[in-house]
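Chain by chain, the residues:
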Amino acid sequence: MTMMSKSNQSCMGMMCKMKMKNSSMMGVPQKIPPVVTDTNTLITLPGKSDALHLYHLGEDSFFINFKDALSLSDEQLNQLVNIQDKWQTFQVSQTEKRSRLESSLWTLTSKGLPNFSDIKSTISAIEIINSELRIQFIVLVGEAVSVLTPSQLSQIEALWHKQKELSQ
């Protein structure tokens, strides 16, 4: 199920802002169970097992938009703003790199006899940046999660359902 944003785009949060086609930085709901091929690469992200959609709720603005609902302290708010700033700096840097690669891809594909190998490696480089953006974003939402108290985490599911109702 794809949620419609206020501007009737079929995406949410950062994915709309990044002009990517996916509905969410967190991916799309699973239709089949994930296949884990290498358990050595698993990273533990902070969270709470009964706080469903925790990362989805933090996706829009690292919980800053829930300042009042979560009764965030000034210290928590400052930490979340710092995390958001870290994301924005990383995002600008990576999207500039991606734009340069997109321009390069345009040049490569404009040739009468395009070099497939160069095109393929440029597309791979673009997709590496897209992956790095998503991974870093999820890690930073996790960093924002770690700022919240257990009491605040307990409020997450109710906030998610309220947010979902407002977006329909």
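Just so it is clear, the model here is predicted, and its values are computed rather than measured.

Analysis parameters
- Residues numbered from 1 in each chain as written.
- Predicted model: local features only at pLDDT ≥ 70, side-chain atom pairs only at ≥ 80, totals over all residues.
- Heavy atoms only, no water.
- Helix = DSSP H or I, 4+ residues; strand = E, 2+ residues; numbered from the N terminus.
- Buried < 20%, exposed > 50% of the residue type's maximum accessible area, 1.4 Å probe, protein only.
- Contact = heavy atoms within 4.5 Å.
- Areas by Shrake-Rupley, 256 points an atom, 1.4 Å probe, with all protein chains shown as cover.
- Phe/Tyr/Trp six-rings, centres within 6.5 Å; stacked < 30°, edge-to-face > 60°.
- Axes fitted to C-alpha atoms, helices over the stretch in contact; angles between N-to-C directions.
- Parallel < 35°, antiparallel > 145°, perpendicular 65-115°, else oblique.
- Nonpolar A, V, L, I, M, F, W, Y, C, P; charged D, E, K, R; others polar.
- Polar contact = N/O pair within 3.5 Å; in protein donor to acceptor, adjacent residues only side chain to side chain.
- Core = buried A, V, L, I, M, F, W, Y, C linked by side-chain atoms within 4.5 Å.
- Expected span 1.5 Å × (residues − 1).

**Student:** Can you walk me through the overall build of the protein chain in this structure?
**Tutor:** Of the regular secondary structure elements, the protein chain holds 6 helices and 0 strands. Burial analysis of the protein chain (168 residues in total) assigns 33% to the buried set. By sequence separation, contacts in the protein chain at least 24 residues apart represent 69% of the contacts at least 6 residues apart. Summed over its atoms, the accessible surface of the protein chain is roughly 10800 Å², and 56% of this surface lies on carbon and sulfur atoms.

**Student:** Help me understand the environment of Pro114 in this model?
**Tutor:** Considering the arrangement of structural elements, one finds Pro114 in the loop between α3 (74–110) and α4 (116–145). Beyond its immediate stretch of four places on either side in the chain, Pro114 contacts Leu108 and Ile119.

**Student:** Got a minute to help me understand the packing of aromatic side chains in this structure?
**Tutor:** By convention here, two paired aromatic rings are described through the distance between centres and the angle between planes. If you walk through the whole model with that rule in mind, you get 3 aromatic pairs. A ring pair is formed by Trp87 and Phe137, whose centres lie 4.9 Å apart and whose planes are at 70°; its orientation type is edge-to-face. With Trp87 in helix α3 and Phe137 in helix α4, the pair connects residues that are 50 residues apart, well separated along the chain. Across the pair, Phe137 and Trp87 agree in class, each one buried. Taken together, the ring pairs in this structure connect Phe62, Trp87, Phe90 and Phe137 into an aromatic cluster.

**Student:** Could you clarify how one ought to interpret unusual backbone geometry in this entry?
**Tutor:** Working note: non-glycine residues mostly have negative phi, and peptide bonds are mostly trans. Backbone geometry places Phe63, a non-glycine residue, at a positive phi of 75°. Counting through the fold element by element, Phe63 comes out in the loop between α2 (54–58) and α3. Its relative accessible area of 0% is what places Phe63 among the buried residues. One non-glycine residue, Ser71, lies in positive phi territory at about 50°. For Ser71, the location among the structural elements is in the loop between α2 and α3.

**Student:** Could you clarify how one ought to interpret the environment of Ser146 in this entry?
**Tutor:** With respect to the element layout, Ser146 can be found in the loop between α4 and α5 (150–154). Separated by 99 residues in sequence, Ser146 and Gly47 have C-alpha atoms that sit 7.4 Å apart.

**Student:** What's the story with the packing of α3 against α4 in this structure? I'm lost.
**Tutor:** The packing of two helices is summarised by the inter-axis angle and the distance between the axes. Interhelical geometry of α3 versus α4 gives an angle of 170° and a closest axis separation of 9 Å. Taken together, α3 and α4 sit at an angle that is classed as roughly antiparallel. Partitioning the contact of α3 with α4 into residue classes produces 16 nonpolar, 8 polar and 7 charged.

**Student:** Looking at this structure, I do not really get the side chain of Ser61. What am I missing?
**Tutor:** Mapped onto the elements of the fold, Ser61 is located in the loop between α2 and α3. Accessibility expressed as a relative area gives 11% for Ser61, which makes it buried. In terms of polar contacts, Ser61 uses its side chain to reach the side chain of Asn65, at 2.7 Å.

**Student:** Honestly, the nonpolar core in this entry has me stumped. Any pointers?
**Tutor:** Where a protein is soluble and globular, its nonpolar side chains tend to be buried together. Residues Leu54, Phe62, Phe63, Leu70 and Ile156 are the most contacted members of the largest nonpolar core, which totals 26 residues. Of all the secondary structure elements, the ones that give two or more residues to this core are α2, α3, α4 and α6 (156–166). The greatest single-element share of this core, amounting to 7 residues, is contributed by α4. With sequence-adjacent residues up to four places away left out, Leu70 is seen in contact with Phe63, Leu148, Gln152, Gln155, Ile156 and Leu159.

**Student:** What is the right way to read α4 from this model?
**Tutor:** Each α-helix winds once per 3.6 residues, and so residues spaced three or four apart point in a common direction. Look at α4: 43 Å from first C-alpha to last across 30 residues, which is about the 44 Å you get at 1.5 Å a residue. Taken residue by residue, α4 has Ile119, Thr122, Ile126, Ile129, Asn130, Leu133, Phe137, Leu140, Val141, Gly142, Ala144 and Val145 as its buried positions.

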